[in-house]
Amino acid sequence: MNQRGGNLSTKSLGQHFLTDRGIIRRILNASELDLKDHVVEIGPGRGHLTDAIAERVGSLIAVEIDQNLVRDLNERFIGQTNVTIFSGDAREVDFSLLTNTSKPYKLVANLPYYAAMPIIRRFLGSSHRPSMMVIMVQREVAHQMVAQPGDMGLVSVAIQLYGRPKIIAHVSPRSFRPQPKVTSTIVRIDPFDSPVVDFDREENFFRIVKAGFSAPRKQLRNSLKNGLNIESDIVDKWLVKSEIDPIRRAQTLTLDEWARMYKIFYEMV
Ligand code: SAM
């Protein structure tokens, strides 16, 4: 265990700090911040975005994994009573320590790319999900988030199940120090009150979706048969009952179609 975060090096923690004031402004504008807001920020880093958010909101809790940065941030925000720096891993942190479960909050973050999806999914899948998320992710991931039927993938389903994602702006590597190798994108997600699919357990739904995408070039009947290890005639019966042509491919399905397949699958088994 080192002073940063477990065994991870600075480079592997995705430490690319935003230095472009124009981009910070775009993140703030998209977040529609208000003095009544409570904000959770993931990965405050050197505190540039944190500083700008803190000026505009009632309270801010920022979760940082790198203990050296946590120490510097605590010094930087020492007399600023609306800012709390929380030392920890956003993939594991206990939500009740970050938010008051009876009050709404927004999540704003320039995310470490290696952990962006686990962090986003954790917040979206929680029982106290944010009222809005404005996040910076890798451009390719942003495109997957907003993809429509025809180009959908696991990431599109995982995000659109919980909310409506929208691309705000693409950001050049030149806006960061050190510069990343890839282009970044600011995405805003407006979560729904409840997920589009009415499931008992999220993992039961994703068992089906993952099987569907296990061989994306194959027809659904084959990818589901292999992914779930069930007989072809049962898969065909299931798809016909769900009103889905078995020769379609997973990327063409809408969320409503996945929902139908999920419901009928668990009625059949
Ligand atoms: N917000 C800062 C900015 O915009 O300049 C820094 C963003 S940098 C892309 C990502 C930050 O997340 C780094 O400070 C890194 O140490 C931190 N980080 C990495 N993994 C984390 C994790 N699992 N939980 C919390 N913070 C993490």
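Residues numbered from 1 in each chain as written. Predicted model: local features only at pLDDT ≥ 70, side-chain atom pairs only at ≥ 80, totals over all residues. Heavy atoms only, no water.

**Some words on the overall build of the chain**
Within the chain, the regular secondary structure consists of 10 helices and nine strands. On C-alpha atoms alone, the chain measures out to a radius of gyration of 20 Å, which is about the 18 Å that the 2.2 N^0.38 rule sets for 269 residues. For the chain, the spread of C-alpha atoms along the three principal axes comes to 65 × 40 × 40 Å. Counting the 269 residues in the chain, one finds 49% classified as buried. Restricting the contact set of the chain to residue pairs at least 6 apart, pairs at least 24 apart contribute 66%. (Helix = DSSP H or I, 4+ residues; strand = E, 2+ residues; numbered from the N terminus. Rg over C-alpha atoms; globule rule 2.2 N^0.38 Å. Buried < 20%, exposed > 50% of the residue type's maximum accessible area, 1.4 Å probe, protein only. Contact = heavy atoms within 4.5 Å.)

**Describing the site of the ligand**
Near the ligand there are 23 residues, and of these Gln15, Leu18, Gly43, Glu64 and Tyr114 occur at the shortest range. In this structure, a nitrogen atom belonging to the ligand sits 3.4 Å away from a main-chain N or O atom of Ile65. In the complex, 99% of the free accessible area of the ligand, which totals 590 Å², lies under the protein chains. Mapped onto the shell around the ligand, the elements with two or more residues apiece are β1 (17–18) and β3 (59–64). (Near = heavy atom within 4 Å. Polar contact = N/O pair within 3.5 Å; in protein donor to acceptor, adjacent residues only side chain to side chain. Areas by Shrake-Rupley, 256 points an atom, 1.4 Å probe, with all protein chains shown as cover.)

**Section: the pattern of salt bridges**
Going through the model one piece at a time under the given rule, you end up with 13 salt bridges. One salt bridge in this structure joins Asp89 and Arg91, with 2.7 Å as the shortest N-O distance. For Asp89, a relative accessible area of 16% translates into the label buried. The closest approach of N and O atoms between Glu267 and Lys263, which form a salt bridge, is 3.4 Å. Taken together, the residues Glu267 and Lys263, both in helix α10 (residues 255–268) and four residues apart, mark about one turn of the helix. The exposure class of Lys263 is exposed, given its relative accessible area of 53%. Linked by salt bridges that have partners in common, Glu32, Arg188 and Asp190 make up one network. (Salt bridge = Lys/Arg side-chain N within 4 Å of Asp/Glu carboxyl O.)

**A look at helix α7 (residues 202–212)**
Buried residues of α7: Phe205, Phe206, Ile208, Val209, Ala211 and Gly212, and no others. The inward-facing, buried residues of α7 contact α4 (116–124), α6 (154–160), α8 (220–228), α9 (232–241) and α10.

**Quick notes on the domain arrangement of the chain**
Along its sequence, the chain is carved into domain 1 (10–191) and domain 2 (202–268). Here domain 1 and domain 2 have C-alpha centroids that lie 33 Å from each other. Between domain 1 and domain 2, the residue contacts involve 14 residues of the former and 12 residues of the latter. Taken together, the two surfaces of domain 1 and domain 2 that pack against each other cover about 1,000 Å², and 72% of this comes from carbon and sulfur. A per-residue breakdown of the area domain 1 buries against domain 2 is headed by Met152, Leu154 and Val157, which together make up 45% of the total. Our count for the domain 1 to domain 2 interface comes out at one salt bridge. Along the contact surface separating domain 1 from domain 2 lie five residue pairs in polar contact (both at pLDDT 80 or more). Of all the elements, α6 adds the most residues to the side of domain 1 that touches domain 2, at four residues. A class-by-class count of the residues in the side of domain 1 that touches domain 2 yields seven nonpolar, five polar and two charged. (Domains from an automatic or database assignment. Buried area = accessible area lost by both parts, 1.4 Å probe. Nonpolar A, V, L, I, M, F, W, Y, C, P; charged D, E, K, R; others polar.)

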